[in-house]
Amino acid sequence: MSVMGFGAVRDEVLGHVRGVRDRVWTARELLKFRDWCEGNITITNSENSDYSGPYSRTMTQSVARFFEEFADGGGGERWRKCFGMKSSQSAVTSHALMMMAKWAVERPGNVVYGIDSQGNAEAVAARFVDFLWGVPEMLETLRALPEHCLKGETINLPGMTVWFVGAGSVGQMASKPGVVLVVSDEVDNHRVPKKEGNTLLLLGSRGKATMSGKQLGFSKPTDEDGQIFNAYETGSKHMDFLPCPRCGVMEVLKLKQLRFQHLRNAFRELDLERVRLETYYECEHCGGKIEEDEKPWMLERGEVRPTNYEEKEVDGELVRVPKWSPGVMSFQYNDLYAMWENSRWGDIALEKFEAGRNPMKLKGFLQDRMGEAWREGAGRKITVEIMRDLCGDYRRGSVPKVPVLCGMFADTQDDCWKAIKVGYSAEGDIMLSDWGIFLTWKNLVTWAKEGIETPEGKRLVRCNLTDEGGHRTFEVRQKVRMLAPIFNASKGLGGMQNNRNGGDLMGWRPARVFKRESEGSALIKVLHYDDDAFRRMFYRTMILDRNAVDEEGKPVERFGEFMLPVDAAKEDEFLAEFTRESLVRKNGKWCWEGEAGNDFGDCGKMAVIGRELWGRSLMR
């Protein structure tokens, strides 16, 4: 047997030591977020049954790029916070859980995940564990763990604990040790603790103990007073820029560039099936036509860029400088970028068209589909002159078009009823025919029975809402009960109060006819409606914004007009009753403020509700 010399032995030992050292102390090359997900993440049936299987960035290119910039930008050091406004089908929550799974492998550390309710927190915890089981490097570790470590609201992994908490529970947000990531999901749905304040700040403070800690918050936005919008404004406002297949210029996809208004049938009405199939996108720079099937090519070549800059003068020259807070990234995502089957440009165009026809849906469309916070844009008030402009060329007691339905709407006062009669046209117009003040219920009913003069003769009133009033509730219920189903009691509720009763804009609720049980136990249905929503629809959409134009200066397509007879132009006190409510900002919140003498305005609002209840099915 040959004997190795001392030098050879030394070299062999040193080589072995160097190999051990390299394996233990040298950091491996870490994959970027998107590449890692494609090699390690499996989408389960419970996560998405339509797109289950190995993760592919092709379905969510934009969101994956936002997450990669936040997680890996500048070697992971560029951003410490990230706040995103998202649409409802963005898969942002899924990508947050994927990022946590990646950290479980590469840089274990404690995580706090806050969401709007404890029930949702438990569901998200289960989704996180599902993602972990798809990571090859985690399988051996997960199989060795006791079952209880992977169940419930707290997930325990080697070197990593993840607490999933409901955001309204202050006790569960108590300081946690060694937190490297804080996630705030569905931020604008968080129940804000009375004494603790903003939940983004509350949760964010849990990650301050570690120098490398990051905070991620995202939500479908509510309005400009919401937590996520205000957090978004402090950040970089990253958007995903895509190249035009025609000119190559990088641009952000915008709703105004969808082209579908030309797709009309022989009656010059929008052909909705063609809109769904033939809507295209027009390049903002070259005017080129971009088809839906070109979107994957564009998304593959996209690039996320910050947009929150301002110009400042430096040495006599204007220089563009970042406006965002240091280390704070933010992004906005809309469904124009989505690849899901129900998010084709034609689908979004149809929803936009419907929202324009029914402004009650506009707020939801902008929040759900476009990831935009609702801006009130208040400050304008209705004037008598504005109301005069609504007066047409028909006489009091009549309507200028043949109505598909006539109605009477009454506001109950302490000593009288104020009421209007209207006709609804096939186009959705609300044509006010007459108005009056009545000291007795009998006179009000007699006036209603007189009907309305139309181009084809007299038409009878076939629908009614009568406000219950503050002190005459049971009196009104007893009176309308005798004339049901044409006459009906109604009651306006504040938006939050209505949400507690079911969340709809309106709904029928059973109510007692008599105050005391000794008088009887009869019930009737009373219409409860969201007062603020219908105020907005009437005063803002139908009056103040009736001549609104879109981004290109074209008139916004509306569903119907509000009309008054020519005689009303000389009735200043009557017209003034439509001017006494407006949207104002108080203590940082938007609210409706009114003054006495707005009763005929309330009748007009109820006429809008009547159109939604009974007229829609009769109209084009």
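Residues numbered from 1 in each chain as written. Predicted model: local features only at pLDDT ≥ 70, side-chain atom pairs only at ≥ 80, totals over all residues. Heavy atoms only, no water.

From N to C terminus, the protein includes 19 helices and 29 strands. The buried share of the protein, reckoned over its 620 residues, is 50%. Taking as baseline every contact in the protein between residues at least 6 positions apart, the subset at least 24 positions apart corresponds to 71%. Summed over its atoms, the accessible surface of the protein is roughly 29600 Å², and 50% of this surface lies on carbon and sulfur atoms. (Helix = DSSP H or I, 4+ residues; strand = E, 2+ residues; numbered from the N terminus. Buried < 20%, exposed > 50% of the residue type's maximum accessible area, 1.4 Å probe, protein only. Contact = heavy atoms within 4.5 Å. Areas by Shrake-Rupley, 256 points an atom, 1.4 Å probe, with all protein chains shown as cover.)

The residue after Ala484, namely Pro485, is reached through a cis peptide bond having omega 5°. With respect to the helices, strands and loops of the structure, Pro485 is situated in the loop between helix H15 (473-481) and strand S24 (489-493). In this model, Lys237 sits at a positive phi of 55°, which is unusual for a non-glycine residue. Among the structural elements, Lys237 can be located in the loop between helix H8 (227-233) and strand S9 (239-243). Lys237 gets classed as buried once you look at its relative accessible area, which sits at 17%. Positive phi, normally seen in glycine, also occurs at Asp315, with a value near 55°. Looking at where Asp315 falls in the secondary structure, it is placed in the loop between strand S15 (309-314) and strand S16 (317-322). On the basis of relative accessibility, which here comes to 80%, the residue Asp315 falls in the exposed class.

By size, the foremost hydrophobic cluster in this structure holds 96 residues, and its most contacted members are Met100, Phe128, Leu157 and Phe164. Considering every element that reaches this core, the biggest residue donor is helix H4 (residues 92-106), with 10 residues. By size, the runner-up hydrophobic cluster in this structure holds 39 residues, among which are Phe409, Val422, Leu527 and Ile543. (Core = buried A, V, L, I, M, F, W, Y, C linked by side-chain atoms within 4.5 Å.)

Overall, the coordinates contain 21 aromatic pairs when judged by the stated rule. Relative to Phe67, the ring of Phe33 lies with its centre 6.0 Å away and its plane at 25°, an arrangement referred to as stacked. Highlighted residues: Phe33 in helix H2 (residues 33-40) and Phe67 in helix H3 (residues 61-72), separated in sequence by 34 residues. The same class applies to Phe33 as to Phe67, namely buried. Following the ring pairs from residue to residue traces out a cluster consisting of Trp435, Phe538, Tyr539, Phe562, Phe574, Phe578, Trp592 and Phe600. Its guanidinium or amino end placed over the ring of Tyr309, Arg320 lies 3.9 Å from that ring's centre, counting from NZ or CZ. In this arrangement the basic side chain of Arg472 is found over the ring face of Trp417, its NZ or CZ atom lying 4.2 Å from the centre. (Phe/Tyr/Trp six-rings, centres within 6.5 Å; stacked < 30°, edge-to-face > 60°. Lys NZ or Arg CZ within 6 Å of the ring centre and 35° of its normal.)

This part takes up the pairing of strand S8 (residues 214-219). S8 sits mainly inside the fold: six of its six residues count as buried. Covered by surrounding structure in S8 are Lys214, Leu216 and Phe218 together with Gln215, Gly217 and Ser219, the residues of both alternating faces. Of the pairings in the sheet, the one linking strand S7 (residues 179-185) to S8 comprises five bridges and is parallel in character. What sits directly across from Val182, in S8, is Gln215. (Pairing = 2+ DSSP bridges.)

With that out of the way, let us pick up the environment of Gln89. Along the polypeptide, Gln89 turns up in the loop between strand S3 (81-85) and H4. If near-sequence neighbours (up to four positions away) are discounted, Gln89 is found in contact with Asp335, Trp340, Asn342, Ser343 and Arg369.

Residue placement: Gln257 occurs in the loop between strand S10 (250-252) and strand S11 (258-259). Of the polar contacts made by the side chain of Gln257, one reaches the backbone oxygen of Glu282; its length is 2.8 Å. Not counting residues up to four positions away in its chain, the partners in contact with Gln257 are Tyr280, Tyr281, Glu282, Cys283 and Glu284. (Polar contact = N/O pair within 3.5 Å; in protein donor to acceptor, adjacent residues only side chain to side chain.)

Another point: the sheet that holds strand S25 (residues 506-512). Strand order in the open sheet formed by eight strands is S25-S26-S24-S23-S18-S19-S20-S27, with mixed pairing between adjacent strands. Only two strands of the sheet have a single partner each, and these edge strands are S25 and strand S27 (562-563). Taken strand by strand, helix H14 (residues 441-449) contacts strand S18 (405-412), strand S19 (417-424), strand S20 (430-438) and strand S23 (463-467), and its axis lies near 15° from that of S19. (Axes fitted to C-alpha atoms, helices over the stretch in contact; angles between N-to-C directions.)

A word on the side chain of Ser330. Tracing the backbone through its elements, the reader meets Ser330 in strand S17 (residues 328-332). Residues within four places of Ser330 in sequence aside, it is in contact with Phe83, Tyr232, Gly235, Ser236, Lys237 and His238.

When pLDDT is averaged along the protein, the result is 87, and 86% of the positions lie at 70 or above. The model gives residues 13-28 a pLDDT under 50, and that stretch makes four contacts with residues more than four places away or in other chains. Low pLDDT, under 50, characterises residues 498-502; the stretch is placed with 11 contacts to residues that sit more than four places away or in other chains. (pLDDT = per-residue confidence, 0-100.)

Bringing the sheet that holds strand S14 (residues 303-305) into the picture now. Strand order in this open sheet of three strands is S10-S9-S14, and the pairing throughout is antiparallel. The open sheet is flanked by S10 and S14, the only strands paired with a single partner. Between one strand axis and the next, the sheet turns by 45° as a mean value, whatever way the strands run. Two strands pair when backbone bridges link them, and S9 and S10 are joined in this way by three bridges, in the antiparallel orientation. What sits directly across from Phe241, in S10, is Val252.

All right, on to the pattern of salt bridges then. Oppositely charged side chains are able to pair whenever their charged atoms sit close together. Applying the stated criterion across every chain, the model contains 46 salt bridges. One salt bridge in this structure joins Glu291 and Lys289, with 3.5 Å as the shortest N-O distance. Looking at Glu291, the relative accessible area reads 32%, which means it is partly exposed. On the basis of relative accessibility, which here comes to 46%, the residue Lys289 falls in the partly exposed class. Residue Asp434 is joined to Arg396 by a salt bridge in which the shortest nitrogen-to-oxygen separation is 2.5 Å. With Asp434 in strand S20 and Arg396 in the loop between helix H13 (384-388) and S18, this pair connects stretches of sequence that are 38 residues apart. Overall, the relative accessible area of 36% leaves Arg396 in the partly exposed class. Connected through shared salt-bridge partners, Asp531, Asp532, Arg535, Glu581, Asp602 and Lys605 make up one network. (Salt bridge = Lys/Arg side-chain N within 4 Å of Asp/Glu carboxyl O.)

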